[in-house]
Amino acid sequence: MTFLSKLKVSAKVIATCSLFAATYLTAANDAVTPSFVAHHIDTAIVIDGELDKQWDKATWHNLDQPILGGMPDKSDFNGRFKLLWDKDALYLVAEFEDDVLIDKIADPLEFYWDDDTLEVFLDEDASGGEHQFNYNAFAYHVALDNQAVDIGEKDSSGKTPFLTLNDHIKSRWMRHQNGKVIWEMAISVYDDSFKPNIGKQPVTLHQGKVLGFMLAYCDNDGSKTREHFIGSTKVEPINGDTNLGYRLADVFSKLTLIGD
Ligand SMILES: [Ca+2]
Ligand SMILES: [Ca+2]
Ligand SMILES: [Ca+2]
Ligand SMILES: [Ca+2]
């Protein structure tokens, strides 16, 4: 084989491998189910734990995918959620029943995943990929005290910093007479150039934008650690592990922002 023909074969192999890699990645992202859409609204939702009329526009989606601890009985936890958007925020309402609401650790940065928590997974550009110690995507743990926490970048000593990101999410909930919690959030969407303390602004949302999104509830009713973790999206295990959302945005669903 001449040098030139060797070069041609190598180029073909590289092109084929690149094509395979691209196809594989696309297939991996598109395989995540379900996908969601959010309708546009002209007037912002009032974040107060009471259902606004505007929520009638959106469709309920169930929180029915067990990620950890198996599927709880309906009396232990059952829930669903809706999404809407305007240029300033993604709006989320969750409606659920949980027999015991618990926030046993007051410090928002300590074992926050072991309290009752709504966890909002968000990837501004639906890039997928690793996000545990960077801002490629977020896993906001929103606690009953309405504080939102995620993991930041490691410092030079290698320590893992937990950050409150309360200016990213306005959150309020209320338990109503029928026993159901209505929990509303207005979520400002930050891209991967976010850094704490640099005055970074959230992105302006627009019709047709696609984000990575997943929602899950950590249910604890008094155990040392959380008892169930139930999500919107089926997470395919990697090496037997399904608790991947807090570090890998590939497992998020796709969310498309559509018109009125
Ligand atoms: Ca409201
Ligand atoms: Ca429960
Ligand atoms: Ca991203
Ligand atoms: Ca609970």
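Just above, that's the structure.
All figures in this text were calculated on a predicted structure; none of them were measured in a lab. (Residues numbered from 1 in each chain as written. Chains lettered and ligands numbered in written order. Predicted model: local features only at pLDDT ≥ 70, side-chain atom pairs only at ≥ 80, totals over all residues. Heavy atoms only, no water.)

Examining the overall build of the protein chain
Moving on, step 1. Broken down by element type, the protein chain carries 1 helix and 14 strands.
Moving on, step 2. Here the protein chain holds 260 residues, and the buried ones make up 46% of them.
Moving on, step 3. Restricting the contact set of the protein chain to residue pairs at least 6 apart, pairs at least 24 apart contribute 65%.
Moving on, step 4. Accessible area of the protein chain: about 12900 Å², with a carbon and sulfur share of 54%. (Helix = DSSP H or I, 4+ residues; strand = E, 2+ residues; numbered from the N terminus. Buried < 20%, exposed > 50% of the residue type's maximum accessible area, 1.4 Å probe, protein only. Contact = heavy atoms within 4.5 Å. Areas by Shrake-Rupley, 256 points an atom, 1.4 Å probe, with all protein chains shown as cover.)

Re the coordination of the calcium ion (ligand 3)
Moving on, step 1. Bound to the calcium ion (ligand 3) are the protein donor atoms D123 (OD), D125 (OD), S127 (OG), N136 (O) and N136 (OD1), situated 2.3 to 2.5 Å from the metal.
Moving on, step 2. Sequence spacing of the donors to the calcium ion (ligand 3): D-x1-D-x1-S-x8-N. (Donors = N, O, S within 2.8 Å, 3.2 Å for Na, K, Ca; no water.)

Quick word on the coordination of the calcium ion (ligand 1)
Moving on, step 1. Around the calcium ion (ligand 1), the donor atoms from the protein are V46 (O), D48 (OD), E50 (O), D52 (OD), E184 (OE) and E184 (OE), and they sit 2.2 to 2.6 Å away.
Moving on, step 2. For the calcium ion (ligand 1), the 6 donor atoms are set out with angles of 53 to 165° between them, so the coordination reads as irregular.
Moving on, step 3. The exposure class assigned to D52 is buried, which follows from its relative accessible area of 16%. (Tetrahedral: all angles 85-135°; square planar, octahedral: opposite > 155°, others 65-115°.)

Considerations on the environment of M185
Moving on, step 1. When you line up the elements, M185 lands in strand 11 (residues 181-187).
Moving on, step 2. For the pair M185 and V120, spaced 65 residues apart in sequence, the C-alpha separation works out to 10.0 Å.
Moving on, step 3. Beyond its immediate sequence surroundings of up to four residues, M185 is in contact with I47, L90, Y91, L92, L118, V120, V142, I169, K170 and S171.

Some words on the nonpolar core
Moving on, step 1. With 39 residues, the main nonpolar core has L83, L90, Y140, W183, M185, F213 and L255 as its most contacted residues.
Moving on, step 2. Leaving out residues up to four positions away in the same chain, L90 has contacts with L83, L84, W85, L122, M185, A186, I187, V189, L205, F213, L255 and L257.
Moving on, step 3. In this structure, F121, M214, C218 and A249 belong to the second largest nonpolar core, which totals 13 residues. (Core = buried A, V, L, I, M, F, W, Y, C linked by side-chain atoms within 4.5 Å.)

What about unusual backbone geometry?
The general pattern is negative phi for most residues beyond glycine and trans for most peptide bonds.
Moving on, step 1. Put simply, T33 and P34 share a cis peptide bond, and its omega is -10°.
Moving on, step 2. With phi around 65°, N197 is a residue other than glycine that occupies positive phi space.
Moving on, step 3. You can see N197 is positioned in the loop between strand 11 and strand 12 (210-219).
Moving on, step 4. According to the relative accessible area criterion, N197 is exposed, its value standing at 81%.
Moving on, step 5. The backbone of N239 sits at a positive phi, close to 50°, despite the residue not being glycine.
Moving on, step 6. Within the secondary structure layout, N239 lies in the loop between strand 13 (228-231) and strand 14 (253-257).
Moving on, step 7. On the basis of relative accessibility, which here comes to 81%, the residue N239 falls in the exposed class.

With respect to the side chain of D221
Moving on, step 1. Position of D221 relative to the elements: it lies in the loop between strand 12 and strand 13.
Moving on, step 2. Despite its burial, D221 remains without a salt bridge, the nearest opposite charge being carried by R175 at 8.9 Å.
Moving on, step 3. What D221 contacts, discounting residues up to four positions off in sequence, is D76, D98, D99, V100, I102 and E227. (Lys, Arg positive; Asp, Glu negative; His and termini not counted. Salt bridge = Lys/Arg side-chain N within 4 Å of Asp/Glu carboxyl O.)

Section: the pattern of salt bridges
Moving on, step 1. Summed over the entire model, instances satisfying the criterion amount to 7 salt bridges.
Moving on, step 2. For the salt bridge of D56 with K53, the shortest nitrogen-to-oxygen distance reads 2.8 Å. The same class applies to D56 and to K53, which are both exposed.

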